[in-house]
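# Structural overview
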Amino acid sequence: MTDARMENRAFWENEELKLDGQAYDAMWPGGEAAVNRLAKQGKQPARELIRKLVDPDTELFELSRLAGFGMFYPEVEDVPCGGIITGIGRIHGNWTMIVASDSRVKAGTYFPITLKKHMRAQAIAERCGLNCVYIADSGGAYLPMQADVFPDDQHFGSMFYNMARMSAMGLKQITLSTGGNTAGGAYIVFMACQSIMIDKMSYSFLGGPPLVKAATGEVISAEDLGGARVHTQISGGADHFCPNQDEAVAKVREILSLERPQKMHSHRYAEVPPRVPVESIYEMLPAKIHQGINTRSFLEAIADDSHFIEYKSQYAPGRGDNIVAGKLRIKGIPVGIIASNALGIIFAEAARKATEWIIRCSQEKVPLLFVQSSPGYMVGSESEHMGIGKYGADMVRSVSCAQVPRIQLVIGPDNGAANYGMCGRAYRPHFLFHTMRSRTSVMSGRSAAEVLLSIEERKRTGQGNPMSEGEKQAFRQQMMDKYDGEAHPFYCAARLLSDRVLKFREIRDWLAMAFEVSLLKPIGDPAFGNLRF
Ligand code: COA
């Protein structure tokens, strides 16, 4: 192995250790003390319940673990894991969305990021046609932020709106209550298609005992007001009574045991492992984010049999091949590819080729993978005169209108309009994955520093107080730190701008799961509107 490859490997392995550290903090808020506190209440950590809920020897594909760090909400700096666990796992073979409060994080209350994560999980479930299981143990809205979590669309009420609509579509909404579900939060029990409550552990009421006392003077215990017995024997608001969490989890599995088996709407070949090992990604991707990449090698490391069938490989060398297009299989599933190559700057020829390929894959109903490592479209008079604007717009239009499942994987710079053309969050990819090499921002720190410096210089000169060289350098550095910090995968993941930060060695497994889940619904017919060409 060359020195450069060894250095790359050492660098990325170290970066992924940081990822492990952040994930650990997300999964163990409050450490051992918090787990002991749960145990005293007869409760297991929610991830343990989920492990028992999914089929034996299968894993939960946990989404957005790094949500909620560094949010600086009133009195709360971090909300580890966003205070809620979401993920996709198999129950009796069927892919199912699981949403579980983590009561170790401020009693599982909903902060804005908790809601965003809950909504994202429901949106994936609705789009892909997944049943949902809610493991509910929440103090409801995080009250100091009620105005930011209660009244708006995509706030608290939308959770129940989504449940109602999904159940009307035939997607099962099952709630297992393992603790308090107060006020609006009670609806997660009552809106479910079937709900399970646990003796002396689950409570559900529109007003808890303190509110009841204040409002009516009635003094009553939580158990007598809205415990498991009340709702399964008297009110009928819940459907199953269980003595403990293990039996409750088994009940959820039993309820879902007669669901119709899911079917993928794509042909699938036998899985063949790549001949170029996935591990080689650690060596091939440069530690410097703005250094060019050899995307064909990268694709070989994720493709079945390392086989990539390239489209227009000879077209406009040095310009057209800053995007590589073609097809490969991931664990047997045929996938169309739009992948940044080399420095990733998108020239008109690359944009045209990408547009053609997106339309062809849509016609064939082949899902698309966008491998993003692009700092933007080519600028300058030559490019403008050639029509980079209109060809870029055609690419953005085709990405927007493509009716096939689309997944974005970011392995490098992700700036400006290239974020749009390569199917960034606003273009609603079915899944969006980052890696430790992702940098998502309107422009790179270096470019932002120069643009902002020129504005600041003009202002200061106008005020008769021109900037010194030292001041300019300090300003540049400050802007670079800010922009590069905000582009970092941790910053983006905290705000749910990705669905997961993947390790390189996880890419194949996650893509296979994501395409399979995205293909559970039939693919409609293509329509692209007004392309310019
Ligand atoms: N808003 C803000 N903070 C809340 C909260 C809420 N709705 N509910 C609980 N918390 C905080 C507590 O202040 C406590 O903070 P601390 O750790 O900094 O002291 C933390 O969450 C844990 O709460 P605690 O009461 O100690 O946990 P518990 O397991 O004993 O009880 C509940 C959990 C949910 C039963 C209980 O906290 C409760 O009844 N909360 C109020 C629920 C409510 O009325 N919600 C209405 C909003 S829709």
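Coordinates for the structure precede this section.
So, here's what we can say about the structure. Keep in mind that this is a model prediction, so the values were computed, not measured.

About the criteria used
- Going along each chain's sequence as written, the residues are numbered from 1 onward.
- In keeping with the predicted nature of the model, local features appear solely for residues at pLDDT of at least 70, side-chain atom pairs appear and are counted solely at 80 or more, and the whole-chain, interface and lining totals rest on all residues.
- Calculation of side-chain values draws on the structure's entire complement of heavy atoms; hydrogens and water are dropped beforehand.
- Numbering goes from the N terminus for both helices and strands, where a helix is a DSSP run of H or I of at least four residues and a strand is a run of E of at least two.
- Values of the radius of gyration come from C-alpha atoms, whereas the globule rule sets the reference at 2.2 Å times the count of residues to the power 0.38.
- Only protein chains enter the accessibility calculation, which uses a 1.4 Å probe. A residue is then buried if its area is under 20% of the maximum for its type, exposed if over 50%, and partly exposed in between.
- Should any heavy atoms of two residues lie within 4.5 Å, those residues are considered in contact.
- A 1.4 Å probe and the Shrake-Rupley method give the accessible areas. Residues count as covered only by the protein chains that appear here.
- The convention is simple: Lys and Arg are positive, Asp and Glu are negative, and His and the chain ends are not counted.
- Throughout, a charge is located at the NZ atom of Lys, the CZ atom of Arg, the CG atom of Asp or the CD atom of Glu.
- Nearness is defined per residue: one heavy atom within 4 Å of the molecule or strand is enough.
- We define a polar contact as two N or O atoms separated by no more than 3.5 Å, with the added condition that, inside protein, one atom must be a possible hydrogen donor and the other a possible acceptor, whereas residues neighbouring each other in sequence contribute only through side-chain atom pairs.
- For this classification, Asp, Glu, Lys and Arg are treated as charged, while Ala, Val, Leu, Ile, Met, Phe, Trp, Tyr, Cys and Pro are nonpolar and the rest, including Gly, are polar.
- Here, nonpolar core refers to any group of buried Ala, Val, Leu, Ile, Met, Phe, Trp, Tyr and Cys residues whose side-chain atoms link them within 4.5 Å.
- Fitted lines through C-alpha atoms serve as axes, helices being fitted only where they are in contact, and the angles separating the N-to-C directions of these axes extend from 0 to 180 degrees.
- Convention used here: angles under 35 degrees read as roughly parallel, angles over 145 as roughly antiparallel, angles from 65 to 115 as roughly perpendicular, and any remaining angle as oblique.
- Two helices crossing with the near one rotated counterclockwise from the far one by less than a right angle form a left-handed crossing, whereas a clockwise rotation gives a right-handed crossing.
- Strand pairing is defined by DSSP finding a minimum of two bridges between the two strands.
- Seen with its strands pointing away from the viewer, a crossover is right-handed when the path leading from the first strand over the helix to the second is clockwise.
- Working rule for helices: expected span equals 1.5 Å times residues minus one.
- Here the arc refers to the directions that run from the helix axis out to each C-beta atom.
- Residues form patches when they are more than 30% accessible in relative terms and have no salt bridge. Like charges link within 9 Å. Nonpolar side chains (Val, Leu, Ile, Met, Phe, Trp, Tyr) link within 5 Å.
- What makes a salt bridge here is a side-chain nitrogen of Lys or Arg within 4 Å of a carboxyl oxygen of Asp or Glu, nothing more.
- Here a Phe, Tyr or Trp ring, Trp counted by its six-membered ring, pairs with any other such ring whose centre lies within 6.5 Å, and the pair is stacked when the planes are under 30 degrees apart, edge-to-face when over 60, and tilted otherwise.
- Placement of a charge over a ring requires the Lys NZ or Arg CZ to be within 6 Å of the ring centre, with the centre-to-atom vector within 35 degrees of the ring normal.

### Brief notes about the overall build of the protein
Within the protein, the secondary structure is distributed over 21 helices and 16 strands. For 533 residues, the compact-globule formula gives about 24 Å, and the C-alpha radius of gyration of the protein, at 25 Å, lands near that figure. In terms of overall dimensions, the protein has a C-alpha envelope of 75 × 65 × 50 Å along the principal axes. Expressed as a percentage of the 533 residues in the protein, the buried residues total 56%. Long-range contacts, defined as pairs at least 24 residues apart, comprise 76% of the intrachain contacts of the protein with a sequence gap of at least 6. Surface summary for the protein: the accessible area is close to 22500 Å², and the carbon and sulfur share equals 54%. Of the charged side chains in the protein, 60 are positive and 59 negative, and the gap between their average positions amounts to 4 Å.

### Concerning the site of the ligand
Every residue close to the ligand is listed here: Arg-37, Gln-41, Lys-106, Ala-107, Thr-109, Gly-139, Ala-141, Tyr-142, Leu-143, Pro-144, Thr-182 and Ala-183. At 2.6 Å from an oxygen atom of the ligand is found a side-chain nitrogen or oxygen belonging to Lys-106. Measuring from a nitrogen atom of the ligand, one finds a backbone N or O atom of Leu-143 at 3.0 Å. Classifying every residue of the shell around the ligand by side-chain character gives 6 nonpolar, 4 polar and 2 charged.

### Quick look at the nonpolar core
With 111 residues, the main nonpolar core has Ile-88, Met-97, Phe-298, Leu-299, Ile-338 and Leu-369 as its most contacted residues. Here Leu-299 is in contact with Phe-308, Val-324, Leu-328, Ile-337, Ala-339 and Val-371, once residues within four sequence places are set aside. If you look at the next biggest cluster of nonpolar residues, it comprises 23 residues, including Val-54, Ala-100, Ile-196 and Cys-242.

### Points about the packing of helix H18 (residues 445-462) against helix H19 (residues 469-487)
One can describe the packing of H18 onto H19 by two numbers: an axis separation of 8 Å at closest approach and a directional angle of 135°. With respect to their mutual orientation, H18 and H19 come out oblique. As for how H18 packs across H19, the hand of that crossing is right-handed. For the pair H18 and H19, contact is made by Gly-445, Arg-446, Ala-448, Ala-449, Glu-450, Leu-452, Leu-453, Glu-456, Glu-457 and Arg-460 and by Glu-471, Lys-472, Phe-475, Arg-476, Met-479, Met-480, Tyr-483 and Asp-484, respectively. A class-by-class count of the residues in the contact of H18 with H19 yields 8 nonpolar, 1 polar and 9 charged.

### Let's talk about the pairing of strand E14 (residues 431-434)
With burial as the criterion, each face of E14 is covered, one bearing Phe-431 and Phe-433 and the other bearing Leu-432 and His-434. By the bridge criterion, 3 bridges tie strand E13 (residues 406-415) to E14 in an arrangement that is parallel. Looking across to E14, one finds that Leu-409 is bridged to Phe-433. A crossover connection joins E13 to the parallel E14 through helix H17 (residues 416-421); in handedness this β-α-β unit is right-handed. Inspection of the sheet shows E14 paired to strand E16 (residues 500-501) by 2 bridges, in the parallel sense. The partner of Phe-433 across the bridge, within E16, is Arg-500.

### With respect to H19
Compared with the 27 Å implied by 1.5 Å per residue over 19 residues, the 27 Å span of H19 between its first and last C-alpha is a close match. Within H19, burial applies to Lys-472, Phe-475, Arg-476, Met-479, Met-480, Tyr-483 and Ala-487. Down the axis of H19, the smallest arc covering the buried residues is 130°, so these residues share one side.

### A closer look at a positive patch on the surface
On the surface, a cluster of positive charge is made up of Arg-352, Lys-390, Arg-397 and Arg-532. One can find Arg-352 in helix H14 (residues 348-364).

### Some thoughts on the packing of aromatic side chains
Applying the stated criterion to the full structure yields 15 aromatic pairs. Seen from their ring centres, Phe-61 and Trp-95 are 5.9 Å apart, and the 65° between their planes marks the pair as edge-to-face. Placement of Phe-61 in strand E1 (residues 61-63) and of Trp-95 in strand E3 (residues 94-101) is noted, with a sequence separation of 34 residues between them. Each member of the pair, Phe-61 as well as Trp-95, carries the same accessibility label: buried. Taken together, a centroid distance of 5.0 Å and an interplanar angle of 85° make the contact between Phe-61 and Trp-510 edge-to-face. Of this pair, Phe-61 sits in strand E1 while Trp-510 sits in helix H21 (residues 507-518), and the two are 449 residues apart along the sequence. No difference in accessibility class separates Phe-61 from Trp-510, as the two residues are buried. Grouped by ring-pair contacts, the aromatic residues Phe-61, Trp-95, Phe-431, Phe-433 and Trp-510 constitute a single cluster. Lying across the ring of Tyr-315, Lys-312 places its NZ or CZ 5.8 Å from the centre.

### Some thoughts on the side chain of His-434
Structurally, His-434 can be placed in strand E14. Classification of His-434 by relative accessible area gives buried; the value is 1%. A polar contact of 3.3 Å, which involves the side chain of His-434, links it to the side chain of Thr-440. With residues up to four places along the chain from it excluded, the contact list for His-434 reads Val-410, Thr-440, Pro-489, Cys-492, Leu-497, Ser-498, Arg-500, Val-501 and Leu-502.

### Quick look at H14
For H14, with 17 residues, the first-to-last C-alpha span of 24 Å sits near the 24 Å given by 1.5 Å per residue. Counting buried positions along H14 gives 12 out of 17 residues, so the element sits mostly inside the fold. Inspection of H14 places Ala-348, Glu-349, Ala-350, Ala-351, Lys-353, Ala-354, Thr-355, Trp-357, Ile-358, Ile-359, Cys-361 and Ser-362 among the buried residues, and these make up the whole buried set. Of the surrounding elements, those touching the buried residues of H14 are strand E9 (309-311), strand E10 (323-330), strand E11 (333-340), strand E12 (368-374), helix H15 (381-386) and helix H16 (388-401).

### Digging into unusual backbone geometry
One non-glycine residue, His-92, lies in positive phi territory at about 50°. Among the structural elements, His-92 can be located in the loop between strand E2 (84-91) and E3. Classification of His-92 as partly exposed rests on a relative accessible area of 37%. The backbone of Gln-154 sits at a positive phi, close to 70°, despite the residue not being glycine.

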